[in-house]
Every structure is written in C-alpha cells, then in structure tokens.
Amino acid sequence: MLHPSYAQGRVRPNRGIPTRVLHQMSDQPAPAAPTETPKPKRQRRRSRKAGLPPGTLVHIGEPRVGPVTLQFMLFNAEGCLEPSLANLDELPGLLNDNQICWVNVSGIHDLSLIERLGALFQLHPLVQEDIVNTEQRPKGEDYGTYGFIVVKNLSYAVQDRHLLTEQISFVFGQGFVLTFQENGNDPFVAVRDRLRTGRGRLRTQRADYLVYALLDAIVDNYFGVLEGIGEVTERVEEQLLSDPKPEILKELYSLRRCALFVRRAVWPLREVIGTLQRGQSQMITEFTRTYLADLYDHTIQLIDAIETYRDIIAGMLELYLSSASNRMTSVMKVLTVITTIFMPLSFIAGVYGMNFDYMPELKSPLGYPITLAVMVLIAGGMLWFFHRKQWL
Amino acid sequence: MLHPSYAQGRVRPNRGIPTRVLHQMSDQPAPAAPTETPKPKRQRRRSRKAGLPPGTLVHIGEPRVGPVTLQFMLFNAEGCLEPSLANLDELPGLLNDNQICWVNVSGIHDLSLIERLGALFQLHPLVQEDIVNTEQRPKGEDYGTYGFIVVKNLSYAVQDRHLLTEQISFVFGQGFVLTFQENGNDPFVAVRDRLRTGRGRLRTQRADYLVYALLDAIVDNYFGVLEGIGEVTERVEEQLLSDPKPEILKELYSLRRCALFVRRAVWPLREVIGTLQRGQSQMITEFTRTYLADLYDHTIQLIDAIETYRDIIAGMLELYLSSASNRMTSVMKVLTVITTIFMPLSFIAGVYGMNFDYMPELKSPLGYPITLAVMVLIAGGMLWFFHRKQWL
Amino acid sequence: MLHPSYAQGRVRPNRGIPTRVLHQMSDQPAPAAPTETPKPKRQRRRSRKAGLPPGTLVHIGEPRVGPVTLQFMLFNAEGCLEPSLANLDELPGLLNDNQICWVNVSGIHDLSLIERLGALFQLHPLVQEDIVNTEQRPKGEDYGTYGFIVVKNLSYAVQDRHLLTEQISFVFGQGFVLTFQENGNDPFVAVRDRLRTGRGRLRTQRADYLVYALLDAIVDNYFGVLEGIGEVTERVEEQLLSDPKPEILKELYSLRRCALFVRRAVWPLREVIGTLQRGQSQMITEFTRTYLADLYDHTIQLIDAIETYRDIIAGMLELYLSSASNRMTSVMKVLTVITTIFMPLSFIAGVYGMNFDYMPELKSPLGYPITLAVMVLIAGGMLWFFHRKQWL
Amino acid sequence: MLHPSYAQGRVRPNRGIPTRVLHQMSDQPAPAAPTETPKPKRQRRRSRKAGLPPGTLVHIGEPRVGPVTLQFMLFNAEGCLEPSLANLDELPGLLNDNQICWVNVSGIHDLSLIERLGALFQLHPLVQEDIVNTEQRPKGEDYGTYGFIVVKNLSYAVQDRHLLTEQISFVFGQGFVLTFQENGNDPFVAVRDRLRTGRGRLRTQRADYLVYALLDAIVDNYFGVLEGIGEVTERVEEQLLSDPKPEILKELYSLRRCALFVRRAVWPLREVIGTLQRGQSQMITEFTRTYLADLYDHTIQLIDAIETYRDIIAGMLELYLSSASNRMTSVMKVLTVITTIFMPLSFIAGVYGMNFDYMPELKSPLGYPITLAVMVLIAGGMLWFFHRKQWL
Amino acid sequence: MLHPSYAQGRVRPNRGIPTRVLHQMSDQPAPAAPTETPKPKRQRRRSRKAGLPPGTLVHIGEPRVGPVTLQFMLFNAEGCLEPSLANLDELPGLLNDNQICWVNVSGIHDLSLIERLGALFQLHPLVQEDIVNTEQRPKGEDYGTYGFIVVKNLSYAVQDRHLLTEQISFVFGQGFVLTFQENGNDPFVAVRDRLRTGRGRLRTQRADYLVYALLDAIVDNYFGVLEGIGEVTERVEEQLLSDPKPEILKELYSLRRCALFVRRAVWPLREVIGTLQRGQSQMITEFTRTYLADLYDHTIQLIDAIETYRDIIAGMLELYLSSASNRMTSVMKVLTVITTIFMPLSFIAGVYGMNFDYMPELKSPLGYPITLAVMVLIAGGMLWFFHRKQWL
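A short tour of the structure in this document, coming up. Quick caveat: nothing in here was measured; it's all calculated off a predicted structure.

**Comments concerning the interface of chain D and chain A**
A common way to report how large an interface is uses the accessible area buried once the components associate. If you look at the interface, chain D gives 65 residues, while chain A gives 65 residues. Interface area for chain D against chain A, summed over the two sides, is near 5800 Å², with a carbon-plus-sulfur share of 62%. For the pair chain D and chain A, the number of links is five salt bridges. R137(A) is paired through a salt bridge with D304(D); the nearest N and O atoms lie 3.8 Å apart. Inspection of the chain D/chain A interface yields 16 residue pairs in polar contact (both at pLDDT 80 or more). Sorting the residues of the side of chain D that touches chain A by element identifies α4 (189–197), α5 (207–242), α7 (286–351) and α8 (360–363) of chain D as the ones contributing at least two each.

See below:
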C-alpha cells in the first residue's frame, strides 16, 4: 500500500487502470487486462538494474501487459493527417520540413519498440533508459538537437480516494514530437481534437508550441486533482466541525499522503517548465516562451494551493486531536460526577446495612426518612457543586 | 466550506457580498442579488478550462450576476471629469496625451465586455484570460507597452469572522489605467475623492502614481484586516487566559485559517510591489519609485505582523491544549480522591453487613461507635494524605 | 492584551510608562500623566491612515499626552553646550561646520513640531510620516543628504514580566543628528554624560559616530532585556524541575511571547546596522565602520541568544507537558490500585451480606475469620502484584 | 546501540558482517571472524586522534581483524588481467599508459599497507589519514594530479531491520583507480564481471568512467536500501491501518532512525557527484560527465524518496498516536458506561439493604418486584442515553 | 541554572572548574579556588558595559580569581625555548624574525595585563574589549597586520552531565601568536609537547600553522564532547527501549540542552575556519590552507553529528511520550476490566442483600448456589469478552 517512488501507479490499491486503446498497431486481439495478471510486485523494483551497464533498457514500473499502441499525427497550418503505419520503417518518410509529426506511444513496456524509435531519432541511450523507467523524477534536459522532458500525469478519483500517477516523457526537436505514456488515462484527447479541428494556434506554430499545449493539458489535469482533493477536504472539514468521528483520522491520513504525492510531482514540474521557459534552447521560440511563462505561473499557483491544503489538513488533524481530547475530558467528567454522587450515598446505605446490635438510629421511626433526606441533600449539593464548576 | 484557491470569495460562507453599484452602464433595473441565485458551485471550477486553447476567456470564480458597471475618470492637474459613456466605442476619443484616463470595471463576468476592452487596449489574450480568472495568484507582468498587475483585496468582518477575498487586476500604460474588480467592496472610494477634490499629488502625476495610490488603498485595507484579526485574537486570548472553553478550539482554527489566507495573499503582493519598484520598466518614474519603496516597506510590515499572529495563534493553541490536559488531570484527581476515600469506608460497612452467625464485634455495644470512629479516622487520614500530595 | 504591531508599547498592559521630562519647551504645567487619560484604543490604529494621501502626518501609536520636549546639544572636540531655545527658528543659527548639533525630541505626538523640523531639515514627507507612525518595522534608508533610521528601544520589567517597546527614529547628516523618541524611557542618558565630560572619542568624531554611540546604547539595552528574560527563564526552569505547577504554563506562554517580540525587533535591527556598515553612504567614515562592525556582531549575538531562549522555552514547555502526563498516569495508578483492591473485597462482603436462607458458610463459626483471612490474602496479593508491576 | 557518526557500521547491533575474502595477500590463515573479538568499543573513538599531528594514520572505526586483501585488475579495450602480486613493489611495473590499473583494497586496518600505497601513488598525508578514518562524511576533493572521493556503501537487512554502513574511498588519476573498502559487503562484483566479459563501454573508456561505474554500483545499492525500507514501511502501515499494536512504536522509531542515517549518507553524496560532474577537473571527460549527470539525477531521486519516507513515517506516527488516543477514549467510555449503569442500581439495592426498623416498602409484597422494575428502567434509560450519545 | 549566553561556563551548575596552573608569573601564593568566592552572579552580566565608551575593558564572564599565568614559547626548526620572564617589558626583546613566539595567557580577568599586551602588540581597543568579554560568539577578524579569532573550548563530564564552556582568543601575526584562555582546562598540552619534542611539522612552519594546530586541538576536544553526548544518549536509549521511567524525561531535557549549546558553538566555528581558509589574508600560507580545509571538513562532520543527535533525541522524546501514553492506556484497561467485572457481581450481591419481606429466591435452597453460578458465568463472560477485545 506504499509507493513513495513514482512508479506506484496509485496511492491506494484499486481495480485496474482503464486503458484507452486508441489506434492499435496490429490486429491482434487485445491481451488480458492488467488486473488479471498480478505479476509479482518484485517486477517493478528499481534494483533490478543494479549491476547492468548504464543505458541498458529495463522497464521499471508496474508490470503492464496492455497493448502498446502508436498514434501518428501530421499537421501544418493547412490540415492534419492521422496515418496508420503498418511498419515503423515508414516513419522517416513522414518527417519533412513542411509539417510537424507527433508520435504518441501508449505503453512503454515494449522495449524493442523504444529501441527502434531511439535508433530512428538518434536518442542517447540514457534517454531511452529514462523513458522506460517509470520511477523518474520530473526533469527536463537539453540534448542539443532534441529536448527531453519527463513529467507525471495525475488523476484523482474522489469516490475511492485514489491518486493515479503515470509517467509521460516528451522528446521534441525540429519538426517532431514524441510522447511516451504508460497505457493509462490519455490526457491528450482535447489537444488532438484541437489539432483535428484547427481551433486555436496549434497548427500554425512549431513543435515547441505543441509541447507547450501537451504540458498545459497535463497541468490542467493537476488542477482537477487539486479540486478533487479540495472537495474531499471540504467534506472532511464539514464532518469534523459537526460530528468528528474516529474514521476522520484515516481520511486525514489519506488526504495528507495524497497531498504529499501531488507536491512531490508539482515541485520538480515547476523547475522543468521554468528551465524550458528561461533556458537558452534554440528549440523554444519567443512566442512559446510567453505561454510557458503563463504555464509556469500555473505551476506556482498549484504549489501555492497544495501547500495551503497541507496546512489546512495539518490544522484539521490538530483540531481533531484537540476535540478528541475534549470529548475524553467530558467522558471523564460524566464518570466523575456519577461516582462522586453515588459513592457517598452508597456508603451511607452501607452503614445502615451493618448488623450491629446496638445502632440506635435503626430503631427510630424517623431514621429511614431522615437518612433518605440526607441522601437527597448530599446528591443535590454535589450537583450544585458540579454545576458551579461547569462540569454539567 | 473550504476554498484554498483564491476564487472562494470568503473563507466562511456568508450572506452575500454587499455590491456597491456606482455608475450603472444602462438604465435596466439591477438584476437579482447574488444570494438569490445559488448557481451550482461547480461553476467556479478551474478545471472548466481544461482542454481549451490558451487565451480562451472563461470566467472562473464565484458565479456572479450583479450588474457590470464601468466608471470613467479623466483628470490632469487642472481638473477631473467623470463622463458617462453610452457606448464603449466613445472611449478611444477620451484618450489623449493631456490627461489620464482611469477606467474601472466592477464585475468581470461579462466576458464580451472584457474582450472589447482587450481589443481597444490591445491586451495579450493571456492577460484577458487572467483578468476573468479569479483564481490568480498575485503577480505583476511587464508587456512592454503596458503593465499588468493582479492583486487580492481583502476585508474581514470581525462580527462573523468572515474573510472576503476579491481579485483586482490593473492594466496601465501611457495615459491610462484600467482596473477590474469583482463587484464586491470597492476599495477605491477614497482615491476617487482625492481625484475629485485634487488633494495630494494625485492629479499632478502620471498614470504610474495613480496605480501606486490604488495599490496603497488596497494595502491599507490589509492593515484593517490585520487589525480585525488582532482584535479577535485579543478577545480569544483574554478568554483563553481567564476561562478556556472548548469553543475556543474552533475560534483558533478559524483564526489560523484566516491568517493562512491573508499570508497567502500578502507574500506574493510583496513580490509584485518589489518588482514594480526595482524593475526596469519605463512606465514607473523615479518619483513614484520612492513611494513604491514605502509601499514595499508596508508589505514587509504586513508579513511581519501576519507571521507574528501565526506564532501567537500557535502559542494559544498550545496553551489551550496544555490547560485542557491540566483540567483533565484535576478532574481525575477529584475522581481518585472520592474513590479512594469511600471505597475503604464502604468496604468496612460491607464487612459488618455480612450475615455470619459468629461475628463478635456485632454483639458489642461499642462496635458501632468504634467502627464509625475508624471510618472517620480513615477518611481524615486520606484527606491529609491528599492534602500533602497537593491534590486538594 | 495583544499587540503584534510595534505600537503596542508593551506586551502586557501595565501602569504607565515613567516619562523623563528633560528640558521643557514652554513653562506650561506638565499635562496629566498618560494613565489618567485612557483614550479609546481605536486611536492607535494604523487604519486611520486609510484613504489619506501618502506623506500626510498621522500619529499612530499609543495616544500620549505627556509634554513634548526638545533637547539641544552642540559639541566639538573643545566642549559641549546645551542651549535652551525659546523658539525653533533659532535652530538654523546653531548649525555650522565647526560643531555637531544633536536635537533630541521626546514625544512625537506634536505633529506641527515634526512638520517644522521636517521643513528646517528638508525631510521627505514619507520620512516625516514614518517618524510619527510608531508601528514602523526597524529600517534604514539613505536619502542622499541625510540618513534615516528607525529602531525599537526595549526594556523589560522582571517583576511584572512587562516588555516595553518604544520607537526611536534617527535623522543624521552633515553636522547634525536628530533623534525622535516617544516620551518613555530615555536610553541616551549615558551618552549625554560622555558628551558632557568628554570621555571617549565621542566629541572628536563626526555625526556618524554619535549615531553609532546612540545605537550602541540601544543595543546595550537589548542585552539588559535578554538578561531579564534569562533570569525569569532560569526561575521558571528551577520551578519546573523541582515542582511543576499549572501556573508555569502561563509563565511559559508569556516568556514565549516576549521572546517573539524581542526577536521581531532584533532581526530587522541587524539588517539596519549591517546596511549602515557595509553601505555606500558617504556619511559613514571608515573609522565608524569598524565600530559598526562590532555593533553588528553584537546584534548577531543577540539573535543567537534569543533563538537559544526560544529553543529552551520550547524545551521547557515540552518537559512540562511530559511531566504533566506522567503525573496524570500516577494519579490513574492510585485510582486503579485502590479500585482493584477494594472491589473484590467489597464483593465478598456483599456476598455474605445476602439474605438467602440457605447459606452454609454463614452458620459456621469459622466463616467470619476465614472470610477475613481470604480478604487479607486477596489485598496482599494485589499489593504484591502492583509492587511487581512497579505501580507503587 | 547508538552510532550517529558514520563508523557505527550498523544502526542496530547484529551478528557480524559477512566478509567476502577475495584475493588474500599472504598465505597466513585468516584471523578469527570479527564477532569473536569483541574489542572494547572505545577502540573506534575519534578522540584517539586528539593531540596527534595531522596526517598521522590512526584507524578509526569498528575494530576489524579480518584479512586485508588486495585485488588488481589491468584492462584496456583489448582485454582484462587480474594479476596476483607477491609484493607491492611489483605494482609500479604494472602502471603504463596503455592500460588502466584498478587496485581494490578490502580492509583498511593495515596502516602500513595504506602508507606504502600512499608512498607509491604520492598521496597527501591528509588523504591517507582520511582513508583509514571511517567516520568521514562523504566528500570529494581534487588534489591536482589525482582525485579523492569518500562515500558510504549502505545495505539493509529487511529481516532484522539492520542498516549496515561501510566507507569506501576512491583515489583516481591518469591510468589508475584505487578503491579502499572496509572488509564488509563488496558492491563491485557486477562491475568486475563487466570488466572481465567486456560488456558495456567500461573497457574502452578511461579511469574516470570506471570511477563512475563504481559509484553507480554504490548508488544502485542505495535504491536497494530504499526498497527495503519501503517494504518494511509498507508492512508497518498495513498493520497500523488494520490492527495498531504498541510494538509498532518501536518499529516506527527504528524506521525513522534508518531513514535518518540514509539521508545523512545521501545528501553529501549528491554534493560529491555534483562537484565531480560540474567541476573543472581535467580528469573527467565530457563523455563521463553526461553519465555523471545521470547519476546526479539518481541521487536527487534518492533524496526525494528518502524525504518522502520521512514524511510518511512521521504521518504514521501521528496516526498511531491519534488512534491510541481514540482507543483510550473508547476504553474510558466502557468504564463510564458500566459505572454509570451499576452505581445507581447498587445504591438502590443498598438502600433496601438498610436495617431500619421502620421501612414501609420492605413490608409490601410489591416492594421487591417494583424495585426490580425500577432498576430495569434505570438501566434501560442509561443505555438509551448512551446510545443517543453514540458511546455504544 | 540557565546560561544561554556563552559566559555561563557550564550548563548545569557544578563544583568548580579544575584550574591547571602552568607557569605562575609571580611567586605569590595562589589565591583561593573559585568555589570559595561565590561573588554575586550579577558580576558576569553583559549589561555592566551599558553606557561605557566602546573599547573600555570590562571583564564579562564568571568572576574568576585564580592566578593569571603567562607562558612563553619560542621556537624555530632548530629548537624550542620556554623562558620565564620577570617582567612583560622583556617580551619585545624576544620577538625577532628567526623564531616564532607563542604567548599563552591563562586567566583574562587581569585587565591591566591585557592592556599592556594590547599596547605591546598594538591591538585595536575593540579587540582588547572582546578578549576580556567571555560572552563573545565565535568569530574571526582580519585587522591587516594581525588576525583575531575567538572560539569556544568545550568539555563534557559524562558522570554529572556537565558541559563546560570556556572562551579562547587568538591573536596572530608575523612571528607571534597570542592565546588567551580563561583559567579552566588547558587544551594545548599536546601541542606544547609536540613543540618541545619537535614531532610533526609544527616547528618548521610559520605562525599560521601553529594557529591551525591549536584550533585543531580545540576541534578534537569537540569530538570528545560529542562522544560523551553519544555515550549518554546510547545509555538513555537502552533504558528507554527496555524500561522507560519518568526520570528519562529530565535526562532527555538535559541532553537536548547540551546538544543545543554544542550546536551554538560549532556553527559559528565552522564559519570562522571557513573564512580563515578561503580568506584573502596574507598571513595564511597555501600550505596551511590545505590543513585548514581538512579542519573545515571536521567542523562540517561535527555539525552533521550534532544535528543527527538532535534528531535522535527528538525521536527518543517522542518515543517516550508515546510509550507513556501506551502505559496509561494499559493502566486504564486494568481499571476498566476490574470495574466491569465486579460492578455487576456486587450489584447482584446487593440485590439479594435487600431486606424485602417478600423475595421468593431467598427462601429457595437453590437460590444461593444458582446466584453464585450466575456470578461465575458473568465474570467468565466478561473475561472472555475482554480477552477477545485483546485487553488482557
């Protein structure tokens, strides 16, 4: 139930990630869904790489067996094509200076595919290694002729409080953009629609603007996650202020962990976008930089919000603990009041229950009523005392 | 009940924001007050923007339906005019080099109006987008021919402990200042008066000084908010030191949250003003920079005060918890004292309540008085013991 | 009872600040002491300034009505004069290149006086505004022909745990030093003596060295405050380690707040002195800079000490809470031991107090002694058990 | 049980470190295993050095008596030799420009050996001193003709929650690499295999790349340690959420300490690798720098993960304490409910157990059943009350 | 009992500091030991200086009356002399370019001696003032012709948990080193031995290397202090894990304070050595800088260790508090179990102790055994219930 490295997929175990198969490479039937193949957890261990030469491709992450799909989009100001390639070797033919080619790979566990793409686009072995290792920390690197970006795509299921993490890598250069996702949720649907319909400036700009648009789509997802966390936090707070129950503790713990994971993804994301925007790279135009600056502002807003949530959650935990201690005290007060009232009364009853031969009170006809009256007086006095001490 | 993003309007739900309608654009009757139209909360979600091209105007924030009003002020050293325009197209005619034109927009949910103003003043699409998105973090940007500033205007209702947040955007350039507020409290009344009466240097300076004066008015509001928080803190502290009740917990929690939100608005405000003051912008004169430096000092003072309040509130929470634990212990002591005194006594009474045939004490005429005497001795001994242990 | 802004005068309300009237300007009888005029608290509010043009003089701070006194000292290496001026207009006649003129103003609530001085020395309106606003954060500013410094003078009354704060402003330039204090404790008595007697280098140096000497006097006061806090802390610690009582909590809370306020005054003071020492200002000679460096070291020492006190106070609070929890446990143990011993005994007594016709034990002559023996055995066993569990 | 300095070997005492004897220098029988020679702890004290001139070799660390072994590897693109030297004096003969010589020393307690190697490679006395002092903090230094690196090699035994620390020093220059390890776990087995088989680029590159590969092997070990900690954390969390027992406290404490130690090793490691990568040293080629940048990313990932673990562990401790307090309250509720129900009932029984002559209720045939009915009513009422208060 | 400024001498009051009188200046009998002269504490107050001109010598620190001793060492590569001077005026005769003169002053309360030395070596008045003020924060200053360093020498008595602090000042220039210590422990014994015997490089190097060697001796002392703290921490931890008693709290509090004080001495020490090493001063040779870099590493190691101790101590406190709360819960469980079992039983006994005339059960011969059986059943049921709830 614990996945502090990024590859965990989600913070709380759930029922399998819906895989959106878009364009299947081959006509083979889709393999069984991930949930049916509970490969040993050991599989996703980073330590599998220990001892291997650097640059060796090893898929690190939740074992996935869904189909690996590739999706090609070619566009320029005039139009947008979505060819279906029978073979990767046709790809170089698609690349030319008049259009931008976006290759989206869904599923990164097919290492040979990654290697072939790496060879086609002359990617550094370490880049290929990073693409298939889903435990990367978000980062951006400039390899001269192409840029490499790794970010996390998050989504949050309010219902069952699941945070799903997925790694998305970008490689972009002159006229091409490659994106690599694990086959989970596809955050790029809206961008694809804008490319097809030609809405916005997407088709008239260069590859860097497409990268911006894709990053923007991911950042927009983060806002959705924060809203989800906010909604849950709101509900928990309402419950906390009206009727705090012990279950709130686990809710708060889960919220806290979610916030921790989002924070862990957002902070380096800010760095990545800041580097892109302020960097020296020739691949980023001035036009795009303005938009990246805006995106950078969004990440700061995200950080601001997540830090606020963390503060609020901490405050709620404190409030819960304090009210728990208050409830405890009120329970103790009830106990003390009851004990303090009945102990003396029972004692008196006990005294006159003694069997001494010589107890003059017992003989008196007034003994019983006087005793009862004394008991009532004692009880009343106690109650008055507790009332004045505000225990009742 | 939770709004960690800025658009929340207020920290605790309340009865509707008093809208100060100043100069209504048309003669139509004012629409229903905000409180009467509880549009679904979902409306204010940031995620509505997901998937849209950047620069698309989407009003994000609490849904508002109050009338959108525009207010024009033209002034120079000689005088001040407040024309009522029938149509926005007359606006360009008002702009000339001899006077400064201040356009104040109250209500930002009329997107077409924002777009028309954006076209008139040639604002970047991202600026327009930011104006209508009330979840902005305070920021300042220099777009060459004009500057863009987003800040938060706060007000605090001591009575019901509400913190109201409102976003105010500034666009200013050669000879003009645009301000955009949500239609809540208008913080600019005093500045308008100074313009009308010609008090101070306001009419003799350029647009940047007006921006300074408006920012100064907002910062002065912050001091009011801090005084409000201070007043509440003071009251809570008095109650805490004299008679700490469990309700204090919720008060402290609410104070803490208010302080959190003020802090979240003040820190970036400091940055904004610091950037304005030290920036390279041609639009800020040396004269105004001196005043901005003073304003910057004020924001540091605000930060200093809010951090101190946070420390004080944390200290009070600690004190409350500690005294709660003290009270608990004193409750337990009462319980323990009562139990410890009466248990042995009741036991003795129980012993002589046994029905054994052969119990010589029962026959003795001294049995009863001696038993009572022993009981008094035991009780006295216990009391002395507890007194020595300082439990009484 | 809460004044997180500086103007509060003292952290805990007390009986009036001893005003040291030095040279009274006029022969009018001194007005009533501050304590007799409990002007509404609202008076000291910073928000009174809201809406006023910048540079408008408004006295912000505790309302004071004591006499405003001015004190003039003229000195050079040869000697020292203390003229008594009938009229402020004579002041310019005193300023010449051969001597240094120190004007000390005690009491800053006479706004017209401040304005006249401001006009005489050509002070920027914002400087005048800052002088009369006692809620300033310590700061230093260079206005070219003169320097402006605002600091806090602290004193601590160990007896009643009061921290008194007072704002002192300095304006200094070629041949003159102006100091403005609220009419509270005068920290400059020793400096005046040194000027009169000619001890040290004070009379042979320029104005900047006088400023250093005055700042040094204030910093020396801080050491006194820290020693006072240290003394109280020491006493509280002794009590905490020997006999922790609930009252300690309030003591700790008060100490914590004092430390918070001292800290809030010392940190910006360090900046002020550091800026003076390392700044480019022509008004500070190399000779004085060496001494300012020493003073800077003193402020670092102060910060070091105050942070240590805060750590120590936090540690004491923790220790108190932990021992409180220990005491609670020991109370509970007593309760549990008593209950556990007497409950079974009382039960046995209760059994043989039942009135069944057929209870063979009751008939037996050994019934009573055996029952008593069993009771003693049970009690002994319990005691042995608790002893082994180290509850006794 | 406490070793905050690095020499501690492990965080929790265990049964002796498996020593992997690779190539024994001499034919002498291996001395007794470390566990059999519990030399006084005092031996490993850093203070033994006090008073000695700097550069004096003193072995500081856990006393070790295992055999000191040396292992030589000579390689270039063509092949790889592993000569067995009878005498250290043969070593200079192996060094030439055509091949790279890697000398691995396992066991650093043979000071004369270190001194002879130091003389051969002209190492600065301080470097020799640092090699034999296992309490070094990870660091990297450039001595012009050679570089010196000290890092920690960690391994974690999930079974008994032991963290083993071992110091490894590197000296590398033109054509040679010296590594010094305490004779514990050898992390270099895989690298040796790659050298022998010629897999990867190891044999074709210069000495700096070998250093990179060895550091990479150590960093890979850290990932293993983190996975171990993660596994334990996961188990503890599961237990915490299902059935929190007091033993969890010690588990959490131990985890926290492990995380503390890993963190203490990783932070300076990051600096070391960052300095290597960005440094001016001529010994590091551009080619290797790319790989070092990748390694640097890995250390950041490690830091990220360890900080997350610390946050998670802190959260678990909080959760444990909160649920402990909840359990306490529920225990108290049971006590209160039982007491509150039976105290009044027993009192009533006590009243009718009194022996007054005149108690009319006792005579009535309905007295007993009515009394029982009243008791049932009281008990029922109490239960209903507690049910409504949600105590049951 | 509280001395957060450095002059406190020790953290916990103890029986007087052993004074090591080395070379007595005069033949007068040594005055009474410090413990016999409990001068009023007020003596050591920093505030005594308030009002005095800067540069006035005032001894601030624990009042000391031990003899002030001077010790002269003259050395060069050839040999080492330890002359005994009858009069300070002979000192200038000893200074020449061929040898280095080290003057060690033990005891700084003889102000006239300090002044005479100050005149001889032309020390700045502020330097003289700093030498006799033992509340200095460690610092290093370059006065052109000489350097001035103030550090703290610590020692820790494990037995009575005392941390002793002592201030040591260095003045060093061309051919001379002055050291000033309070007359407590002398940390320089080993250095003196090395000078006498000529071991190491000490006699062949210049004055800066001697300063390094002396600082190294002090830093070595810090390692001893840390080992002492580590030893105590270890013992406390063992006790905490096996048998946590309330006394541990005070131990932890004392450890925490010690760590706080060491930390307060080490952090500025690091700065001092770092400044020496990287500074521009002509007095430090390249040769010495290498050694200073090593010393700098040691201070970082010290900081690393002290921060780790602080973390560990905080963790132990948390563990203690958590186990205290666990013990509390277990006490409460015992109470609850006993109460819950015996309350119903006593109630039943009470019922059949009632004296109603008509109670059919009392007449039945089976009444008594059935009642006993029911009691056993109830008790058994309760025990089974508590067993299932894991309270037993």
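Having seen the model, we can carry on.
**Description of the packing of helix α6 (residues 247–278) of chain C against helix α7 (residues 286–351) of chain C**
Helix packing for two helices is described by the angle between their axes and how far apart those axes are. All names here are of chain C. The N-to-C vectors of α6 and α7 enclose an angle of 160°; their axes lie 9 Å apart at closest approach. Regarding the angle of α6 to α7, the classification is roughly antiparallel. Relative to α7, the crossing made by α6 is left-handed.

**Focus: the relation of the copies chain D and chain A**
Turning chain D through 72° and shifting it by 0.1 Å along the axis lays it on chain A, with an RMSD of 0.1 Å. Here the symmetry operator amounts to a five-fold rotation axis. Relative to the rotation axis, the C-alpha of G353(D) is the closest in chain D, positioned 4.8 Å from it.

**Details of the interface of chain B and chain A**
Listed as interface residues are 65 residues of chain B and, on the opposing side, 65 residues of chain A. Of the roughly 5800 Å² buried between chain B and chain A, counting both surfaces, carbon and sulfur atoms make up 62%. Applying the counting rule to chain B against chain A returns five salt bridges. Between D304(A) and R264(B) there is a salt bridge; the shortest N-O distance is 2.7 Å. Counting every contact that joins chain B to chain A gives 16 residue pairs in polar contact (both at pLDDT 80 or more). At the level of elements, α3 (125–132), β4 (139–142), α6 (247–278), α7 (286–351), α8 (360–363) and α9 (367–388) of chain B are the ones that each hand at least two residues to the side of chain B that touches chain A.

**What about the pairing of strand β7 (residues 176–181) of chain D?**
Residues and elements named next belong to chain D. Counting buried positions over the six residues of β7 gives six, a clear majority of the element. The two faces of β7 match: F176, L178 and F180 on one face and V177, T179 and Q181 on the other face are all buried. Taken together, the six bridges between strand β3 (residues 100–106) and β7 define a ladder with parallel strand orientation. Across the sheet, residue N104 finds its bridge partner in β7, namely T179. As paired strands, strand β6 (residues 162–173) and β7 are joined by six bridges and run antiparallel to one another. Paired with V171 across the strands is L178, a residue of β7. Between β6 and β7, which pair antiparallel one after the other, the connecting turn spans two residues, and G175 there sits at a positive phi close to 85°.

What counts, and where the lines are drawn
Residues numbered from 1 in each chain as written. Chains lettered and ligands numbered in written order. Predicted model: local features only at pLDDT ≥ 70, side-chain atom pairs only at ≥ 80, totals over all residues. Heavy atoms only, no water. Contact = heavy atoms within 4.5 Å. Buried area = accessible area lost by both parts, 1.4 Å probe. Salt bridge = Lys/Arg side-chain N within 4 Å of Asp/Glu carboxyl O. Polar contact = N/O pair within 3.5 Å; in protein donor to acceptor, adjacent residues only side chain to side chain. Helix = DSSP H or I, 4+ residues; strand = E, 2+ residues; numbered from the N terminus. Axes fitted to C-alpha atoms, helices over the stretch in contact; angles between N-to-C directions. Parallel < 35°, antiparallel > 145°, perpendicular 65-115°, else oblique. Left-handed = near helix turned anticlockwise from the far one by under 90°. Least-squares fit on C-alpha atoms with pLDDT ≥ 70 in both. Buried < 20%, exposed > 50% of the residue type's maximum accessible area, 1.4 Å probe, protein only. Pairing = 2+ DSSP bridges.

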